[in-house]
Amino acid sequence: MPDTSSPESTRLLAAELIETRYSRGLRSLLLMLLVGLPLVMLLSLAQRTGPVQLMVVGVALALTGLGYWLLHKGYYQWTSHLLVFSLIGLSSAGILAYGSTRSALLLGFVGAVVAAGMTQGKKSLVAAVGVSALSLGLLCWAELSGLLAAPDFKVNVRFWAVNVLLLTGIAVSVYTSRQVVLRALREQHAELRRREAAEDRLRLSEDRFSRIFRSSPAAIVVQALEDMTVLDVNPAFERMYGYSREEILGSTDEALWRSPEDRRAFQLQMAAAGRAINLPVEGRARDGRRLHVLLSTEIEGMGHGRIVVSTITDATAETEARQAARQSAELFSKAFDFSPINMTITRVLDGTFVAVNAAEDSVQGFTPEELIGRTAVEAGVWANDQDRMQFIADLRARGGVISREKQMRHKNGAMVDCRIWSVIVEIAGEPCILSSTINISEQKRREALLIDLARGLSGETGEAFFRSAVMHLGKAIAADLVMVGETGPDASVSSLAMMRDGELQPSMTYALAGTPCDLAIGGGDLCVYGDGIQQLFPQDQFLADGGYRAYSGAALRDADGSSIGIVNAFWREPQAASPDRDALLQIFASRFTAELVRLRRDREIQRLNETLEQRVNERTDQLRATNAELESFGYSVSHDLQSPLRSIEGFSVLLARRLKGRLSEEEERLFDRVRVNVVRMHELINDLLALARASKGKLVLEQVDLSAIAGQVVAQLRQRDPQRQVQVSIQDGISRRCDSKFARIILENLLGNAWKYSRDKADATIAFGALPHREGGRKMLFVRDNGAGFDMAHAGSLFKPFHRLHHENEFEGSGIGLATVHRILERHGGTIRGESAAGAGACFYFSFDPKFGSSA
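Residues numbered from 1 in each chain as written. Predicted model: local features only at pLDDT ≥ 70, side-chain atom pairs only at ≥ 80, totals over all residues. Heavy atoms only, no water.

1. Here's the deal with the side chain of Lys406
The criterion, for reference: Numbering goes from the N terminus for both helices and strands, where a helix is a DSSP run of H or I of at least four residues and a strand is a run of E of at least two. Only protein chains enter the accessibility calculation, which uses a 1.4 Å probe. A residue is then buried if its area is under 20% of the maximum for its type, exposed if over 50%, and partly exposed in between. His is not counted here, nor are the chain ends, while Lys and Arg score as positive and Asp and Glu score as negative. In the sections that follow, a salt bridge refers to a side-chain nitrogen of Lys or Arg positioned within 4 Å of a carboxyl oxygen of Asp or Glu. We call two N or O atoms a polar contact when they sit within 3.5 Å, provided that within protein one can donate a hydrogen and the other can accept it, with sequence-adjacent residues counted only if both atoms are side-chain atoms.
One can find Lys406 in strand 8 (residues 401-409). Despite its burial, Lys406 remains without a salt bridge, the nearest opposite charge being carried by Asp387 at 7.6 Å. A polar contact is formed between the side chain of Lys406 and the backbone oxygen of Val381, at a distance of 2.8 Å.

2. Points about the packing of aromatic side chains
The relative placement of two aromatic rings is captured by the distance of their centres and the angle of their planes. Using the following cut-off: A pair of aromatic rings is counted whenever rings of Phe, Tyr or Trp (Trp by its six-membered ring) have centres within 6.5 Å, and the orientation is called stacked for planes under 30 degrees apart, edge-to-face for over 60 and tilted otherwise. For a lysine, the NZ atom is tested; for an arginine, the CZ atom; a charge sits over a ring if that atom is within 6 Å of the ring centre and within 35 degrees of the ring normal.
In this structure the tally under the stated criterion is 14 aromatic pairs. When the centroid spacing of 5.9 Å and the interplanar angle of 65° are considered together, the rings of Phe465 and Phe592 count as edge-to-face. Of this pair, Phe465 sits in helix 14 (residues 462-477) while Phe592 sits in helix 18 (residues 579-610), placing them 127 residues apart in sequence. Judged by relative accessible area, Phe465 falls into the buried class, the value being 0%. For Phe592, a relative accessible area of 0% corresponds to the buried category. Aromatic pair Phe588 and Phe592: ring centres 6.1 Å apart, planes at 50°, arrangement tilted. On the criterion of helical spacing, the pair formed by Phe588 and Phe592 is a turn pair, its members being four residues apart in helix 18. Residue Phe588 shares its accessibility class with Phe592, and that shared class is buried. Pairwise contacts between aromatic rings join Phe465, Phe466, Phe588 and Phe592 into one cluster. For Arg581, the ring lying beneath its charged end belongs to Trp571, and the centroid distance is 5.3 Å. For Arg724, the ring lying beneath its charged end belongs to Trp755, and the centroid distance is 4.9 Å.

3. So, the sheet that holds strand 5 (residues 307-314)
What counts here: Strands pair, by our definition, only if DSSP identifies at least two bridges between them. In this analysis, axes come from line fits to C-alpha atoms, helices being fitted only over the stretch in contact, and the angle between any two N-to-C directions falls in the range 0 to 180 degrees. Any two residues whose heavy atoms approach within 4.5 Å are treated as being in contact.
Taken in spatial order, the five strands make up an open sheet running 2-1-5-4-3, and their pairing is antiparallel. On the outer flanks of this sheet lie strand 2 (230-233) and strand 3 (275-284), each paired with one strand and no other. The mean inter-strand angle of the sheet, taken between neighbouring strand axes irrespective of direction, is 25°. One ladder, built from eight bridges, connects strand 4 (residues 290-300) with strand 5; its direction is antiparallel. By the bridge assignment for strand 5, Ser296 is matched with Thr311. Lying on the sheet, helix 9 (residues 260-273) is in contact with strand 3 and strand 4; it crosses strand 3 at an angle near 170°. Most of the contacts of helix 10 (residues 316-338) go to strand 4, to which it runs at about 130°, and overall it touches strand 4 and strand 5.

4. Section: the sheet that holds strand 9 (residues 415-427)
Read across the sheet, five strands follow the order 7-6-10-9-8 without closing on themselves; strand pairing throughout is antiparallel. Each end of this open sheet is capped by a strand with a single partner; those strands are strand 7 (353-356) and strand 8. Within the sheet, the average angular offset between the axes of one strand and its neighbour, ignoring direction, is 30°. Summarising the sheet, strand 8 and strand 9 pair through seven bridges and their orientation is antiparallel.

5. A look at empty space enclosed by the protein
Put simply, the test is: Lining residues are those with an atom within 4 Å of a point, where the points come from a 1 Å grid over the protein atoms alone and group into cavities, where a 1.4 Å probe fits but cannot get out, or pockets, open sets with protein on both sides within 12 Å along at least five of seven lines. Grid points are joined across faces, edges and corners, and a volume is the space filled by probe spheres set on the points. Each residue gets one of three labels, nonpolar for Ala, Val, Leu, Ile, Met, Phe, Trp, Tyr, Cys and Pro, charged for Asp, Glu, Lys and Arg, and polar for the others, Gly among them.
All chains considered together, the criterion is met by four cavities of 30 Å³ or more. Along the wall of the largest cavity there are 19 residues; nearest its centre are Thr344, Phe353, Val381, Met408 and Ser435. Taken together, the elements giving at least two residues each to the lining of the largest cavity come down to strand 6 (342-347), helix 12 (385-398) and strand 10 (430-439). Class assignment of the residues belonging to the lining of the largest cavity gives a composition of ten nonpolar, seven polar and two charged.

6. Digging into the pairing of strand 16 (residues 550-557)
Here strand 16 lies mainly inside the structure; seven of its eight residues are buried. Looking at chain direction, strand 15 (residues 527-529) and strand 16 are connected through three bridges and run antiparallel. Bridging across to strand 16, Cys527 finds its partner in Gly553. Note: strand 16 against strand 17 (residues 563-571), eight bridges, orientation antiparallel. For Leu556, the partnering residue across the bridge sits in strand 17 and is Gly565. Linking two consecutive strands that pair antiparallel, namely strand 16 and strand 17, is a turn of five residues; a positive phi of about 90° is found at Gly561 within it.

7. Let's talk about the nonpolar core
Under the convention used in this document: Residues belong to one nonpolar core when they are buried, are Ala, Val, Leu, Ile, Met, Phe, Trp, Tyr or Cys, and are joined through side-chain atoms within 4.5 Å.
Formed by 36 residues in total, the largest nonpolar core has its most connected members in Leu706, Leu751, Phe768, Phe844, Phe846 and Phe848. At the level of elements, helix 21 (706-720), helix 22 (740-757), strand 21 (765-775), strand 22 (778-785), helix 23 (817-828) and strand 24 (842-847) are the ones that each hand at least two residues to this core. Considering each element in turn, this core owes the most residues, eight residues, to helix 22. Once residues within four sequence positions are removed from consideration, Leu706 is found in contact with Ile734, Ser735, Arg736, Cys738, Ala743, Leu747, Phe768, Leu781 and Phe848. Among the nonpolar cores identified, the runner-up in size contains 28 residues, and Phe465, Ala550, Leu585 and Phe588 belong to it.

Take a look at the structure:
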């Protein structure tokens, strides 16, 4: 379809339409002239018209014939130009021949202008009008100047025929023009209807496309072909790539590609083929995620404004699944082929080996080539096919077999203990059994040996243990002599038990110098000589007498690392290195060490028991002396310290009275400070005496009503400070087995502290109660307030004497109260702890019960 958007294209299309629609009218006009001009020629001849007029009619007929021929050949423009300018020329020639411009030939100029307007463009029409005007002007001038022949104004048939011919031509031209206009209107109306129908179909198609575009599960992006600018995207694209429609519109697709090389390759393919179907590429989401997508692209439209429509299917999950499956298969293949454990794959149907890895087969001794193609029954894995089918049934019921012990027949015919792991897998659609087997014959032998050793090591203690242990150790390591001994202070060893050639031997003592035992004690954990021990220690006559060539020894050490004994093993034949033998010797050495330490502790306990009574009497005397000193200290504090304080207090009061009115304000303040500090010293001494009394004296344990005592303490606090409004909550029915006088001291201190440290609170609250649950077997009590609290970073100093967590300018006190409470509860076997936060109050949890004591 031609492009009608440019003015040139519109002009060409209009010219084409004019040629098509006016060619019929032009042909009719020429046919009419071809018929009418001969008639005029005949009439001119009959009336003996002059030769000039005959020549004009003849030329007109010839030009008409030429025009018809040109039109028949398709030269529409030439024909129309010939017609227009022939009419002008012939009309001018006729007027010249007639002799006057006042004749019917003027209609020829009118016909020429009409024909030019219908069949030519603007330029031709202007030219026709200009030439007609110029010709008429010249003719009028010639007539005025008398240059024309005398006119003949007679009317005859020829005159009528010429005028009829001109009028008919004009009529044909006007009719043709009207038909062309009507036809154009009809075609325009039909075209308008077609365009309306096409627009309706387009709107319907656009609506359907928009619905499909917006609701499509696949991402769709529309771009301009010229610069690949994104024109539109659907919601699926926004979900897949993470870009909003507003973010991506107007930008290129460069950010959507993971690799610029892939983008260039895609553009080259589109330039060559114009389309792409399910092209696998890697994209990049807004958050940097890698996307595996299938890209299908088509170029739509023609000329400028063509677009690229791309459908993008997210194949990330499918691609990753394929990659994971490929990696899994590769990992399985490598794990199977390079595993050091014997692995096989057999068919469930008949037990045929289909794959065997290259690990050394320590179970049956076959090579992979010897097993592949044979059945498991033929190879001796199963005694018969019934056992194999039973194993498969267990596999299917349990989903797999893990670490099952069984026996298989070795290539040499011997039965081998093994452990098997199996699972059913599908390979190429056929169920197979993947199995791993290891040889546990040596493990079984070791287990039996360890069980035997455990029986030998666990049955006895003391000297009987050492005798039994050396016999089992000698059997386990096939030694000719085994001895365990204890080191003495004189660099010697005394044997605790000794076995030689399978028989127990009497105890002996030998010097360590010049023996391998000396190196074993002074060296590391284990001393081993596989051969030539006599040559290494020529001074050791014991080695020469016994003919021993190999030796292993391990030192027995206490917790502090000091040597307390040794265990030795001797062989008369050279011994190769054996980690198992060394491990057994170290195991026995550990057990020997534990038993020897216990034996030494028993000896120490026996020695201490023998001197216990003497030490108890000495300690009792020391405690009596200490108590006497404490009583003396208490008397000194109560009498020797308080008496001077009372004197100071009395004299200061007497002196203040005598000097009353004569002291300055500063002197009065100094006297007040003396009195205040004397009172504080009295309180401190009383607190120290209370702390001393809390540490001695017999506890009188009885069931004490703590709720009642707490109520009495709170009543005393209210009497001393009646102006304070404090909300106090005391739980009823709290009683404990304790000393009542000490219990009162505890509650006076704890409730007094709560009263003191909450005095800055307008809504002060204090609570005494019991926790509903035990802590470490104890029934816990608590005293809680909402006062100043303390910093838990300093909680470790709460119960130390003279340690205060607040400055004395803030809250008075000596720092002895909580230490006294802590001492009293310790004597009861109880405990106390404090929890708080600065400015959020404090809570002290305490108990009279021992940790695992019974309920009160």
